[in-house]
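Listed below, chain by chain, are the residues.
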Amino acid sequence: MSRLVELHEVGRQSPWLDNLKRSWITGGELGRWVERGCRGITSNPTIFQKAMTAGDAYDGELAELAAGGAGAEESYWHLVTSDIRAALAVLRPTYDASGGTDGYVSVEVAPELAHDANATAAAARQLHRRIDAPNLYVKVPATAAGVDALRTLTAEGHSINVTLIFSLARYEQVIEAYLSGLESRPGDLSCVSGVASFFVSRVDTEVDRRLEAIGTPAARALRGRCAVAQAKLAYTTFRRCFSGPRWAALAARGARLQRPLWASTSTKNPAYPDTLYVDSLIGPDTVNTLPEATIEAFEDHGTVARTIDAEVDDAAAVLNGLAQAGVDLAEVSEVLEAEGVAAFAKSFDELLETLARRAAELTA
C-alpha cells in the first residue's frame, strides 16, 4: 500500500494533486497519479502559466483558436476548459466511488475579480455552465468580496473551493457563508459541496521573517511553529461549526461538510522537514493538496498518524506567544492575502502576454 493510499484509508484524509498540465493528460500520467492514490486535483493561474509556457503541448489548439480570431484571454479559457474537462473525466470514477466526496478538479476564476463579489459570482456561474460536471469545483478567493460571492453561489447550488485563507477569523467567515448559503437554499442539499483552502507554509514564511526581525530568543524559538498551530486550531473551528443543532438540521437535508483543505504544503524553508505540513496535519474529513515533490517525499519517508487534533493546547500557546512577541497575525493574513491575489494576477497577465505572442508566431 502506498503512503498516499494509507493516508486516505488509515488517516482518513484525502490527498489531492496540486498541479495539472496537458502532457499528463495526453501521456496518461494523470491516470497514474490517481492510481497511486491522488483523489482530486487543484489548479490556479500560476499552475497554468507554467504548463502553457513549457513545451508545445498547447500549440495545436492555440493555433486553431488564433486562426479563428480568438484573442489571448478567450484562448486561455478554451485551453483551460479543455484540460479541466479531460481531468474531470479521469477523476470521475473516484467521484462516483466515493459518493461525491472526492474526485474533484478545481479551476479558478480570473484573479482580477478578487474584490468584486458580483463579478466573481457571475464568473463562477459561467464556469459551472461551461464545464457542467458534478465533480467541478470553481475556486473563489477568500477576500471579503469572495466570501460574499460564496454565500450567493452556495445558495444557488454551486460547489466552490474557497482559496487563499490565511487566518482563523477569515476561516470562520468562510464557514458562516457556506452554512448561511445552505440555509438559504430550499429542498435537498446533497448536490452542493465545498472545501475551504487554508494556506499553510506561506504563513510560516511571513511569520518567521517577522520573528527574525524581532530577534529575541523567545521570538526565534517560535519560528516554524505558527502555520501548523493555526491549522490545528482551524480544524477545531471546523469541528465546532459542523456540529450541533444548526448543522444537524442541514445534514438532515443532505448537506455535505465543507472540508478544510490544507494548501501551500510544500516546505519553503529547507531547515524544516520536507513533509512537515503533511505529517502534522493528518485527520478525518480533511484534504491535503500536494505538489509532486512533496508527494514523493511523503511516499519515501512520511508518517501516517492522526495528528491534526493532537496538542491543540500547545497550538493555542504558540499563537499566544506570537502575540506576546509582537507578531500581529491579523496583519500577517492581510499581507498574505494581498500577495496571493497579486501573485495569481501577475501569472495570469504574463500568461496572456505569452499566449498572444505565441499565437502570433503560430499564425505568421
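Data block above holds the structure.
Residues numbered from 1 in each chain as written. Predicted model: local features only at pLDDT ≥ 70, side-chain atom pairs only at ≥ 80, totals over all residues. Heavy atoms only, no water.

1. Focus: the overall build of the protein
- The helix and strand tally for the protein stands at 17 helices and eight strands.
- What you see for the protein is a C-alpha radius of gyration of 20 Å, in line with the 21 Å of a compact globule of 364 residues.
- Dimensions of the protein, computed from C-alpha atoms along their principal axes, come out at roughly 60 × 50 × 45 Å.
- Sequence-distant contacts in the protein: of pairs separated by 6 or more residues, those separated by 24 or more amount to 78%.
- For the protein, the exposed area adds up to about 14,400 Å²; of that, 51% sits on carbon and sulfur atoms. (Helix = DSSP H or I, 4+ residues; strand = E, 2+ residues; numbered from the N terminus. Rg over C-alpha atoms; globule rule 2.2 N^0.38 Å. Contact = heavy atoms within 4.5 Å. Areas by Shrake-Rupley, 256 points an atom, 1.4 Å probe, with all protein chains shown as cover.)

2. Remarks on the nonpolar core
- The biggest cluster of nonpolar side chains holds 116 residues, and the ones touching the most others in it are Met52, Tyr76, Ile84, Val207, Trp262 and Leu322.
- Those residues in contact with Trp262 that lie beyond four places of it in its chain are Gln13, Phe198, Val200, Ala231, Ala234, Tyr235, Leu281, Thr286, Val287, Asn288, Thr289 and Ile308. (Core = buried A, V, L, I, M, F, W, Y, C linked by side-chain atoms within 4.5 Å. Buried < 20%, exposed > 50% of the residue type's maximum accessible area, 1.4 Å probe, protein only.)

3. Some remarks on the pattern of salt bridges
- On inspection of all chains with the given rule, the structure shows 25 salt bridges.
- Residue Arg92 pairs with Asp96 through a salt bridge whose shortest N-O separation is 2.9 Å. Of this pair, Arg92 and Asp96 are both found in helix H6 (residues 72-97), four residues apart, which corresponds to roughly one turn of the helix.
- Using a relative accessible area of 46% as the deciding quantity, one classes Asp96 as partly exposed.
- One network of salt bridges, in which partners are shared, links Glu206, Arg209, Arg210 and Glu331. (Salt bridge = Lys/Arg side-chain N within 4 Å of Asp/Glu carboxyl O.)

4. Remarks on helix H9 (residues 168-184)
- Under the 1.5 Å per step criterion, the end-to-end length of H9 is 24 Å for 17 residues, consistent within 8% with the ideal 24 Å.
- Restricting attention to buried positions, one finds in H9 the residues Arg170, Tyr171, Val174, Ile175, Ala177, Tyr178, Leu179, Ser180, Gly181 and Leu182. (Expected span 1.5 Å × (residues − 1).)

5. What to know about the side chain of Thr143
- Tracing the backbone shows Thr143 in the loop between strand S4 (136-141) and helix H8 (144-155).
- Overall, Thr143 belongs to the buried group, its relative accessible area being 1%.
- The contacts of Thr143, once residues within four sequence positions are left out, are Ala114, His115, Arg170, Glu337 and Val341.

6. Re the packing of aromatic side chains
- Following the criterion strictly, the structure yields 16 aromatic pairs and no others.
- Taking the centre distance of 4.9 Å and the plane angle of 80° together, the rings of Tyr76 and Trp77 count as edge-to-face.
- Taking relative accessible area as the criterion, Tyr76 reaches 3% and is therefore assigned buried.
- By relative accessible area, which is 13% here, Trp77 ends up buried.
- Summarising the aromatic geometry, the rings of Tyr76 and Phe348 are spaced 5.0 Å apart at their centres and angled 85° between planes, so their arrangement reads as edge-to-face. Here Tyr76, found in helix H6, pairs with Phe348, found in helix H17 (residues 329-363); they are 272 residues apart in sequence, far enough to count as distant. No difference in accessibility class separates Tyr76 from Phe348, as the two residues are buried. (Phe/Tyr/Trp six-rings, centres within 6.5 Å; stacked < 30°, edge-to-face > 60°.)

All quantities given are derived from atomic positions and should not be read as evidence of function.
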